[in-house]
Amino acid sequence: HEAGPTFSSDDGFFTFKPDGRLVMDFTGTRGSDYDARNLSGSQVNSVRLGAEGTMGKLGYHFEVDFAGNKTSLKEAYLSYATPVFGLPSKFYLGNFLKDLGTEGSSEGVTTPFMLRNAAATVGEPVNSYFGLGGEWKIFGPDWHYSLSVSGNSPAASTTGSETDSVAYLTRAHWNPLKGGDGFLHVGAWYYYEKIGNGVASINNTPAIALDYNGNLAVSASSIADPTQDRGVGYELGGVYRNFWAMGEYGKRTIDSSSVDAVTRHGSSLAAGWMITGEKPGFSSRGGNWQGVHVSDPLTSGGWGAFELAARVDHYDFTGAPRGGKGISYTLGLNWYFNDWSRLMVNYIRWYTDNKVGSYQGPDWGNSLGVRAQVVF
Amino acid sequence: HEAGPTFSSDDGFFTFKPDGRLVMDFTGTRGSDYDARNLSGSQVNSVRLGAEGTMGKLGYHFEVDFAGNKTSLKEAYLSYATPVFGLPSKFYLGNFLKDLGTEGSSEGVTTPFMLRNAAATVGEPVNSYFGLGGEWKIFGPDWHYSLSVSGNSPAASTTGSETDSVAYLTRAHWNPLKGGDGFLHVGAWYYYEKIGNGVASINNTPAIALDYNGNLAVSASSIADPTQDRGVGYELGGVYRNFWAMGEYGKRTIDSSSVDAVTRHGSSLAAGWMITGEKPGFSSRGGNWQGVHVSDPLTSGGWGAFELAARVDHYDFTGAPRGGKGISYTLGLNWYFNDWSRLMVNYIRWYTDNKVGSYQGPDWGNSLGVRAQVVF
Amino acid sequence: HEAGPTFSSDDGFFTFKPDGRLVMDFTGTRGSDYDARNLSGSQVNSVRLGAEGTMGKLGYHFEVDFAGNKTSLKEAYLSYATPVFGLPSKFYLGNFLKDLGTEGSSEGVTTPFMLRNAAATVGEPVNSYFGLGGEWKIFGPDWHYSLSVSGNSPAASTTGSETDSVAYLTRAHWNPLKGGDGFLHVGAWYYYEKIGNGVASINNTPAIALDYNGNLAVSASSIADPTQDRGVGYELGGVYRNFWAMGEYGKRTIDSSSVDAVTRHGSSLAAGWMITGEKPGFSSRGGNWQGVHVSDPLTSGGWGAFELAARVDHYDFTGAPRGGKGISYTLGLNWYFNDWSRLMVNYIRWYTDNKVGSYQGPDWGNSLGVRAQVVF
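The rules behind these values
Residues numbered from 1 in each chain as written. Chains lettered and ligands numbered in written order. Predicted model: local features only at pLDDT ≥ 70, side-chain atom pairs only at ≥ 80, totals over all residues. Heavy atoms only, no water. Helix = DSSP H or I, 4+ residues; strand = E, 2+ residues; numbered from the N terminus. Rg over C-alpha atoms; globule rule 2.2 N^0.38 Å. Buried < 20%, exposed > 50% of the residue type's maximum accessible area, 1.4 Å probe, protein only. Contact = heavy atoms within 4.5 Å. Areas by Shrake-Rupley, 256 points an atom, 1.4 Å probe, with all protein chains shown as cover. Lys, Arg positive; Asp, Glu negative; His and termini not counted. Charge placed at Lys NZ, Arg CZ, Asp CG, Glu CD. Least-squares fit on C-alpha atoms with pLDDT ≥ 70 in both. Buried area = accessible area lost by both parts, 1.4 Å probe. Salt bridge = Lys/Arg side-chain N within 4 Å of Asp/Glu carboxyl O. Nonpolar A, V, L, I, M, F, W, Y, C, P; charged D, E, K, R; others polar. Polar contact = N/O pair within 3.5 Å; in protein donor to acceptor, adjacent residues only side chain to side chain. 1 Å grid on protein atoms, 1.4 Å probe; cavity = no way out; pocket = protein on both sides within 12 Å on 5 of 7 lines; lining within 4 Å. Points joined across faces, edges and corners; volume = space filled by probe spheres on them. Pairing = 2+ DSSP bridges.

A count of helices and strands for chain A gives 2 helices and 20 strands. Since a compact globule built from 376 residues should have a radius of gyration of about 21 Å, the 21 Å found for chain A is in line with a globular shape. Considered along the principal axes of its C-alpha atoms, chain A spans approximately 60 × 45 × 45 Å. Sorting the 376 residues of chain A into buried and exposed places 59% on the buried side. Summarising the internal contacts of chain A: among those between residues at least 6 apart in sequence, 61% fall at separations of at least 24. Looking at chain A as shown, the accessible area adds up to about 13,800 Å², and 57% of this sits on carbon and sulfur atoms. For chain A, the distance from the average position of its 29 positive side-chain charges to the average position of its 36 negative side-chain charges is 3 Å.

In structure tokens, the structure reads:
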């Protein structure tokens, strides 16, 4: 089964597939020294409508997210596939998900845990996971390479009164071993970003345990007058039969015109087991997460697929005078009903040590999240 | 004719129906002692895009509303239909319209008047008609029962810094008489809601005559520091051939940590006549409004269906020291072009007696509204 | 090829066509005396989802735009086509693009340049290009006539506390010459608008060179306490084989209860050449731009169509004591890949002379814009 119906004109020239997505989270936190962090609540994490398809050789794809009663433009690009040096290659123009490591380049509905890993979260540039610009990807038999130039992702206003930040990003991966039973994955990414004048400061506070709880975050502390930043990441992992493991490290250095340069580190170590024997969702072609093909779907009378996974994440912002740090241990159980819907349970034992904000000092706690999602 | 096309994958496993809605109001008010209430204007009341369908046994439905250039998430749930005790039964997970009486549980495009009745409007909990959570419905031959637990409907922000309000709602209806000529409807609903810390006060000002005019509302007056509330409602009515009548009463009691508990009452008495002989749109199965099946649609060369209806609504917020009250008499003429489009004309003679705000004291006036809607 | 697939119910009664649009701009400005005007940046200019189709004799069409992460309702109407005096005629109810001259009545994705012309921009009423109300259009063999009454387009809020502005607009065009090789176009439009009490002032600052740069605009200066306004426009142009030319003049007079009446003028002179021989996109039936039919589409192995065009625009707000003026010379090259996608390059030599705001006095500069768009 394909995830959703595709419609074609009679001559096959025009194709159209409606895109939709519904992701709901039910979460709770206990054990923090701060009462305001011990919250329970539910949210619609993502609701999307969109379309993708082809008009002859030209591809199009756009999706708009409406979670939180806000409109947020996600994928919005034209693509053109054509061989380069005899190899499959694709060009993108528009707003696309950047090729930022194994998880930054994966849609959030395909990653094995409810939050992206610390390497991507800490390493991402000012203009974030999406960017508006151009990208080129080329695929070899056991590698891929990408190069992109992108400005700000569509911002809160369509009117500019400042020049955009512009990021130059490149990434490659290689499979030194690749066979019927699995593959070894080695990858790296690097970006340079010229930060626009309109960015007066950089102030990241990534969520350390699920998205809902706004009080539960690591405070990187604010960096004033940023001028440029660079990020680098390394990936090492692989898939063997129905097991997978992935380690990723990300580093970001921010230059400022008024304070010293700041370096941040994020790292992640994760492993998983498809209990029901399916191949893990990590792709050897794109070097990212692309979803699990379920052998015996619930919706056809089977039991679906089950996955057990664990991850350790380190957030280190201590390169700045008032930067905090955090650790999270996540245990996840994923129940894939079929190729497009799953139920996730994440238990997170977390630790933050913030130097600024309302929740300073060492704080340990536990969070539990349940996510139901359907994507087509 | 079904309302809109449904698309299927070749094996019938995946179905997809685009959902769309367009509701436009043209309204005017005259006769108020306050000039600012004598407004005319038009608005797009509702514009929606969405999708619904099935993936095997799993159902999905989501709709997003864009009226007022704002994004507002409406239906967004997964459903699963399975017999319980040998009876048809359905489970919902996500954001759904609560089973709050005859009109609260009906989509606004199916109710016989342009505004929902006073029983639902006065009785509804903090987290309103929609809620994010789980629901179970079971249907007997002449009754239905439902039970739901739901938190806040998706709010203005996806980040929580407070625990949600949580509502526990149950409703049942029974048809003591049911035959080929019609049925008698008896129903009741009850909810208990634990109000989240983030709700500093409850301040309802329901529109008494059409949606557009923001100055024309009953002021319930603000209740500070609410902790919990309860609602109860009773329904009695029925359908006989092409006639219908329905009385509904709703009561809501709000407890506060700083002021006395407050009780509010809303009641509604309505009756209607399908002039062209169709069965009224009130369903004996769900105990709510579900649309009229037009015998002789305009779009097939006929004249469509006509309905004449009248309603009296009482809003009573005088249980609070500064709560107001209101009465409205509505006369409605509905012209159903076909199963999915209608033109409504509502004339409302209204009265408000507010104790707070800009429009205090007894005030009588007349409002006229015309609504055109298409829904698929 | 039609632009996108249309789906029908089995009996052809219900039709449904998904509407989508993606428009991306990459722009830069140099040469201004003000550094803040010399910006570069990219934006998603328009992303739309919608639907259109028929239910028997009734047509429906709605589109929602999500550019800038904002929700903006565009087309949202029902239509009914029926002969009047034996001539084709159409009625619209809802939110529609007004028949405001050759470019105001054209969708932005069909006009030959990236910005609409100065006649439409200067002449448009308070409630802008779209309006919520009713319209009637009738088409003769070599003319059309339209009449509309419309209130505010759906505004930022669905709740009204002021009466709407209401515009009465009429337009006609005539083709005194019309043959196989082309036609001559003569047209005129006029509106009267009663301005709602809620409009405290009118303060237009139209972009003179591309949409992105918020600092690069002509300042009309603010007109306090407007009560009513009138607009009039004249159109003269034509199509000869693969050449076209169009001159348009627009005038708007604004009355105020506290200052003298103000008159504004905008004019535009443009011409173009379809290098590859196609007929220009200007329609003799509707008197507006409706898209080019490409003979040899890129997507079918051809080269697509190329158009070279030039335009001069004058913005004259000097009728007000502190109103500015502006001139722009635009050179455009359009590459139509196929009937629904094109790449535009616009070079603009512009001049502004503002009396208010941050960019006063004579200022010359150059802007370059590239636009990629796909529409179905």
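With that out of the way, let us pick up unusual backbone geometry. Unusually for a residue other than glycine, Phe-85 of chain B sits at a positive phi of about 50 degrees. If you trace the backbone, Phe-85 of chain B turns up in the loop between strand S5 (72–81) and strand S6 (89–97). Overall, the relative accessible area of 76% leaves Phe-85 of chain B in the exposed class. Positive phi is not limited to glycine here, since Ser-128 of chain C has a value of about 65 degrees.

When chain A is fitted onto chain B, the two copies agree to an RMSD of 0.0 Å after a turn of 120 degrees and an axial shift of 0.0 Å. Taken together, the rotation and translation describe the operation of a three-fold axis. Looking at the rotation axis and the C-alpha trace of chain A, the residue lying nearest is Thr-71 of chain A, at 3.7 Å. When the interface residues of chain A are mapped onto chain B, a mere 10% of them are again interface residues, pointing to distinct binding faces.

Tallying the contact residues gives 38 residues for chain C and 38 residues for chain B. Roughly 3,200 Å² of surface becomes buried between chain C and chain B when both sides are summed, with 71% attributable to carbon and sulfur atoms. Our enumeration of links across chain C and chain B arrives at 0 salt bridges. Broken down by secondary-structure element, the contributors of at least two residues to the side of chain C that touches chain B are strand S2 (14–30), strand S3 (40–55), strand S4 (58–65), strand S5 (72–81), strand S6 (89–97) and strand S7 (130–139) of chain C. Per element, the largest residue contribution to the side of chain C that touches chain B is 5 residues, and it comes from S5 of chain C. Of the residues assigned to the side of chain C that touches chain B, the class counts are 21 nonpolar, 13 polar and 4 charged.

It is worth spelling out the interface of chain A and chain B at this point. Facing 39 residues of chain A, the contacting portion of chain B comprises 38 residues. For the pairing of chain A and chain B, the buried interface totals around 3,200 Å² over both sides, and the portion due to carbon and sulfur atoms is 71%. Taken together, the links from chain A to chain B amount to 0 salt bridges. Joining chain A to chain B, the criterion identifies 1 residue pair in polar contact (both at pLDDT 80 or more). In terms of residue count, strand S3 (residues 40–55) of chain A provides more of the side of chain A that touches chain B than any other element does, 8 residues in total. Of the residues in the side of chain A that touches chain B, the class split is 18 nonpolar, 17 polar and 4 charged.

Residue position: Ser-40 of chain A is located in strand S3. Classification of Ser-40 of chain A as partly exposed rests on a relative accessible area of 23%. It is 31 Å that separates the C-alpha atoms of Ser-40 of chain A and Pro-280 of chain A, two residues lying 240 residues apart in sequence. In this view, Ser-40 of chain A contacts Thr-27, Gly-28, Arg-30 and Tyr-212 of chain A together with Glu-162, Thr-163 and Asp-164 of chain B; residues no more than four positions away in its chain are not counted.

A separate point is empty space enclosed by the protein. Applying the stated criterion across every chain yields a total of 10 cavities of 30 Å³ or more. Around the largest cavity sit 22 residues that line it, and Leu-49 of chain A, Phe-16 and Gly-50 of chain B together with Phe-16 and Gly-50 of chain C are the ones nearest its centre.

What follows is about the relation of the copies chain C and chain B. In screw terms, the move from chain C to chain B is a rotation of 120 degrees and a rise of 0.0 Å along the axis, fitting with an RMSD of 0.0 Å. Mapped onto chain B, only 11% of the interface residues of chain C are again interface residues, and the two copies thus contact each other with different surfaces.

All names here are of chain C. Tracing the chain through its elements places Ser-358 in the loop between strand S19 (341–354) and strand S20 (361–375). What makes Ser-358 exposed here is its relative accessible area of 56%. Remark: the alpha-carbon pair of Ser-358 and Tyr-34, spanning 324 residues in sequence, is separated by 9.1 Å.

Our next topic: the side chain of Ser-89 of chain C. Residue placement: Ser-89 of chain C occurs in strand S6. Excluding its chain neighbours within four sequence positions, the residues that come into contact with Ser-89 of chain C are Tyr-80, Ala-81, Thr-82, Val-84, Trp-136, Lys-137 and Ile-138 of chain C.

We now examine the pairing of strand S11 (residues 182–194) of chain B. Residue and element names in this part refer to chain B. Relative to S11, strand S9 (residues 166–174) runs antiparallel, the two sharing 9 bridges. Note on S11: the bridge partner recorded for Tyr-168 is Tyr-192. Relative to S11, strand S10 (residues 178–179) runs antiparallel, the two being bridged by 2 bridges. In the strand pairing of S11, Lys-178 is matched with Phe-183. Bridge count for S11 against strand S14 (residues 226–240) is 13 bridges, and the pairing is antiparallel. In the sheet register, His-185 faces S14, and the bridge partner there is Gly-237.

Such coordinate-based values are descriptive only and should not be taken to indicate function.
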